[in-house]
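Residue strings, one per chain:
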Amino acid sequence: MTSLKEICRGLPLYPLPENRGRRKGIPHAPVRTPNLTAQEKKLALRNALRYFPPEIQKKLALEFAEELRLYGHIYMYRFFPDIEMRAYPIGDYPCKTKSAAAIMLMIMNNLDPSVAQFPQELVTYGGNGQVFSNWAQFWLVMHYLSEMTEEQTLVMYSGHPLGVFPSHQYAPRLIITNGMVIPNYSTRDEYEKMFALGVTMYGQMTAGSYCYIGPQGIVHGTVLTVLNAGRRYLKVEDLSGKVFVTSGLGGMSGAQAKAAVIAGCVGIIAEVDEAALLKRHKQGWLMEISNNLDHCIARLRDARKNKIALSLGYHGNVVDLWERLVYELDTTGELLVDLGSDQTSCHNPFSGGYYPVQLGFEEAKQLLSTNPGKFRTLVQESLKRHVAAINRLADKGMFFWDYGNAFLLEAQRAGADVEKRGANKTEFRYPSYVQHIMGDIFSLGFGPFRWVCTSGDPQDLAATDSIAMSVLEDSIRQGVSTSVKQQYHDNIRWIREAGRHSLVVGSQARILYSDQRGRVSIAVAINRAISEGRIKAPVVLSRDHHDVSGTDSPYRETSNIYDGSAFCADMAVQNFVGDAFRGATWVALHNGGGVGWGEVINGGFGLVLDGSKEAEERAKMMLSWDVSNGVARRCWSGNDYAYETICQAMKENSTLKVTLPHKVVDENILEQAMKH
């Protein structure tokens, strides 16, 4: 078994570690089909061998060529480390700085088999959200981090460590970019080739920025989404007896089962991969599993009638589940589902993110590797059936929303009936969850704020939970608007429920939705608790890229921007730059994430709180910008909530000056002007 000290020595070359290949008993990424030419295959090999001295290249070239042939990518399985991959306490890492040790902890958490979707392929979640492109990069990064000082910055190019460069103590210790491809070449087909060549990488959101905290992050977002969907669509606060049907129990989507129970409803979640179902069941996130639709319908009816909170995983294709619900409607006249969504990895539909209903899981995987064209055709046919069933149920009163996974976008491209007549191109027959449910929350400045206790001690996490609840309760007492108060109450409820529902998977982490005031106050309070010894070790602050300011995504995060700028990425890029010089320990900027490659620009950060006065000042400066940037942009686009929020922020900080929009009061002047 390799030690952390050995991991930090760099690539193990003399002797080479044994090549054990793909390990059995763990999930593996689907075979990729980059369709490289003979010359491109040579280039992929040449690029991979750059990491190794000439005397061992011949030996490695043979096995790398075999990996490329079998799996469509060179992962360098020989260098998969023989170590228990997990987030070790920060003091265990042999580093010169706490910042570097914190980054190492976060990297290893992203690759922890209990956290990562395909750990041996370095995929954290979403089917293709890479931490690195290959294992040589992992070894090099860990070595650089162990050696660097507070006067250096590590630079990452799409998984590749370009090197450690001189900087200064106030600069970020790490700068990450993933997938920064020239726009005209940012297509899926080009991506598959460039990833196979080892020159770019899809970091999803928090996979490639080393900030994933397991499915807890999306649990909280899903709880809030389902609660607010109940308020908006069903006009209820209590979801007991209400049925929520969706699909996916993998990396991110695995949160849906737990979220349904916390929200108090009946959740039926379809998943084709039995390994994913068993993993969530073993973790206690999924209450029951069945591969029998008769049994599923019977359990649904019982839980619905008796108002029992339930998470039931259907081992099968979600299209079969939707079509069975249509059958029940047609034969009994009973609409058995109230709320519906989808969390298949539809951002990546033709490479294993969505499996067609016409084939079983193993048969579909085989077809994907042998005949990707036929696989694509079946996926598109399946999407049309999928939508047809949803449409029938929605016509009778079910409420469906797109969960930002490009489901409606890909269904539209497949020819499914999702058009919203007279709408702009970011709108479909059904809304995205941002447009109808979460968009106003973003405009209030609320988003997925999170932290990781680097001691690894659950008592430290409990202490931060207590601090966060106290901060939010104090804010309510001091006076906040009705809409903000509701969000604070939802998050206080969330923290109280979190411990009872065993949400920690991997690092000792917590997430809550908070606004600028809440984030800054929680950060300051946690930092002071570290200084006073009430928390034993540094705490890493972060957030999902899916946030107020972090992501420009016209079919998700910015889908409720209606001034024509939904396809512009100034906000996310400015956020990355602004976080970097306002105090972040590390920053990341990505192409892709959520809805797919070429569809979004997003970024994130990590900020280490160590109890120092400097850390407090960094947190105040950076977190304020990290929220107000997006609120100001949403205000300029015409959102009333954002207008009110940024005006309040300017009252509280005299150095903040934001350009405010003037509304066109008389719409007739537009028509009159156009006539001349």
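Residues numbered from 1 in each chain as written. Predicted model: local features only at pLDDT ≥ 70, side-chain atom pairs only at ≥ 80, totals over all residues. Heavy atoms only, no water.

Student: Please give an account of the overall build of the protein chain that cites residues and values.
Tutor: What the protein chain contains, in helices and strands, is 23 helices and 17 strands. For a compact globule of 676 residues, the expected C-alpha radius of gyration is about 26 Å, and the protein chain comes in at 24 Å, within 12% of that figure. The dimensions of the protein chain, computed from C-alpha atoms along their principal axes, are 70 × 65 × 60 Å. Here the protein chain, with 676 residues, has 62% of them falling under the buried criterion. For the protein chain, the exposed surface amounts to about 26000 Å²; the carbon and sulfur share of it is 51%. Separation of charge centres in the protein chain, based on 71 positive and 71 negative side chains, amounts to 1 Å. (Helix = DSSP H or I, 4+ residues; strand = E, 2+ residues; numbered from the N terminus. Rg over C-alpha atoms; globule rule 2.2 N^0.38 Å. Buried < 20%, exposed > 50% of the residue type's maximum accessible area, 1.4 Å probe, protein only. Areas by Shrake-Rupley, 256 points an atom, 1.4 Å probe, with all protein chains shown as cover. Lys, Arg positive; Asp, Glu negative; His and termini not counted. Charge placed at Lys NZ, Arg CZ, Asp CG, Glu CD.)

Student: Describe the environment of A276, naming the residues involved and giving the relevant values.
Tutor: Of note, A276 is situated in helix α9 (residues 274-282). Measuring from C-alpha to C-alpha, the distance between A276 and S565 comes to 38 Å, with 289 residues separating the pair along the chain. With residues near it in sequence (within four places) discarded, A276 still touches L249, G250 and E271. (Contact = heavy atoms within 4.5 Å.)

Student: I'd like a rundown of the sheet that holds strand β11 (residues 399-400), residues and numbers included.
Tutor: Hydrogen bonding along the main chain pairs the strands of a sheet, whether they run parallel or antiparallel. Read from one edge of the open sheet, 6 strands run β8-β9-β7-β6-β10-β11, paired in parallel fashion. In this open sheet, the two edge strands, each paired with only one partner strand, are β8 (288-290) and β11. In terms of strand pairing, strand β7 (residues 266-271) meets strand β9 (residues 310-315) through 6 bridges, oriented parallel. Within β9, the position partnered with E271 by the bridge is H315. (Pairing = 2+ DSSP bridges.)

Student: Hey, could you go over the packing of aromatic side chains for me, with residue numbers and the actual values?
Tutor: Evaluated as defined, the whole model comprises 27 aromatic pairs. Aromatic side chains F132 and F138 sit 6.3 Å apart centroid to centroid with 70 degrees between the ring planes, which places their arrangement in the edge-to-face category. For the pair shown, F132 and F138 are each scored as buried. Centre to centre, the rings of Y555 and F567 are 6.1 Å apart; their planes meet at 85 degrees, and the pair counts as edge-to-face. With a gap of 12 residues between them, Y555 in the loop between β15 (551-552) and α20 (570-582) and F567 in the loop between β15 and α20 connect regions that are remote in the sequence. Taking the relative accessible area as the measure of exposure, Y555 reaches 13% and is therefore buried. An aromatic cluster of three or more residues is present, and its members are F80, F132, W135, F138, W139 and Y210. If you follow R86 out to its NZ or CZ, it ends over the ring of Y88, 4.0 Å from the centre. Across the ring face of F350, the terminal group of R376 is positioned such that the distance to the ring centre comes to 4.1 Å. (Phe/Tyr/Trp six-rings, centres within 6.5 Å; stacked < 30°, edge-to-face > 60°. Lys NZ or Arg CZ within 6 Å of the ring centre and 35° of its normal.)

Student: Could you give me a rundown of the environment of I289, with the residues and numbers involved?
Tutor: When you line up the elements, I289 lands in strand β8. C-alpha of I289 to C-alpha of G313: the two residues are 24 residues apart in sequence and 4.6 Å apart in space.

Student: Give me the side chain of N629: which residues, what numbers.
Tutor: With respect to the helices, strands and loops of the structure, N629 is situated in helix α21 (residues 613-636). When its relative accessible area of 12% is taken as the criterion, N629 is described as buried. Among the polar contacts listed, one links the side chain of N629 to the backbone oxygen of M571, at a separation of 3.2 Å. Apart from residues no more than four positions distant in its own chain, N629 is found in contact with S549, M571 and N575. (Polar contact = N/O pair within 3.5 Å; in protein donor to acceptor, adjacent residues only side chain to side chain.)

Student: So, unusual backbone geometry: which residues are in play, and what are the values?
Tutor: Glycine aside, residues mostly have negative phi, and peptide bonds are mostly found in the trans state. Cis geometry marks the peptide bond from Y14 to P15, where omega comes out at 0 degrees. Residue placement: P15 occurs in the loop between α1 (4-7) and α2 (38-49). Of note in the backbone geometry, Y210 takes a positive phi value of approximately 65 degrees without being a glycine. By the secondary structure assignment, Y210 is in the loop between α6 (188-197) and α7 (216-234).

Student: Quick rundown of the UniProt feature "domain: Urocanase C-terminal" (unreviewed entry) in the protein chain? Include the residues and the values.
Tutor: Taking the UniProt record as the reference, the feature "domain: Urocanase C-terminal" (unreviewed entry) is found at residues 440-646. What you have in residues 440-646 is 50% helix and 17% strand, and the ends, taken at the C-alpha atoms, are 14 Å apart. (UniProt positions renumbered as here; feature names shortened; annotations may be inferred.)

Student: With reference to specific residues and values, describe the pattern of salt bridges.
Tutor: Evaluated as defined, the whole model comprises 46 salt bridges. D330 serves as the salt-bridge partner of R392, at 2.2 Å between the closest nitrogen and oxygen. Here R392 is found in helix α14 (residues 372-395), whereas its partner D330 is found in helix α11 (residues 318-332), with 62 residues between them in sequence. A residue is classified by how much of its surface remains accessible, and R392, at 30% relative accessible area, is partly exposed. Of the charged contacts in the structure, one is a salt bridge between D395 and R429, with a shortest N-O distance of 3.1 Å. Of this pair, D395 sits in helix α14 while R429 sits in the loop between α15 (407-414) and α16 (433-443), and the two are 34 residues apart along the sequence. Accessibility expressed as a relative area gives 55% for D395, which makes it exposed. Each of the salt bridges in this network shares a partner with another, and the network as a whole consists of D294, R301, R304, R324, E328 and E334. (Salt bridge = Lys/Arg side-chain N within 4 Å of Asp/Glu carboxyl O.)

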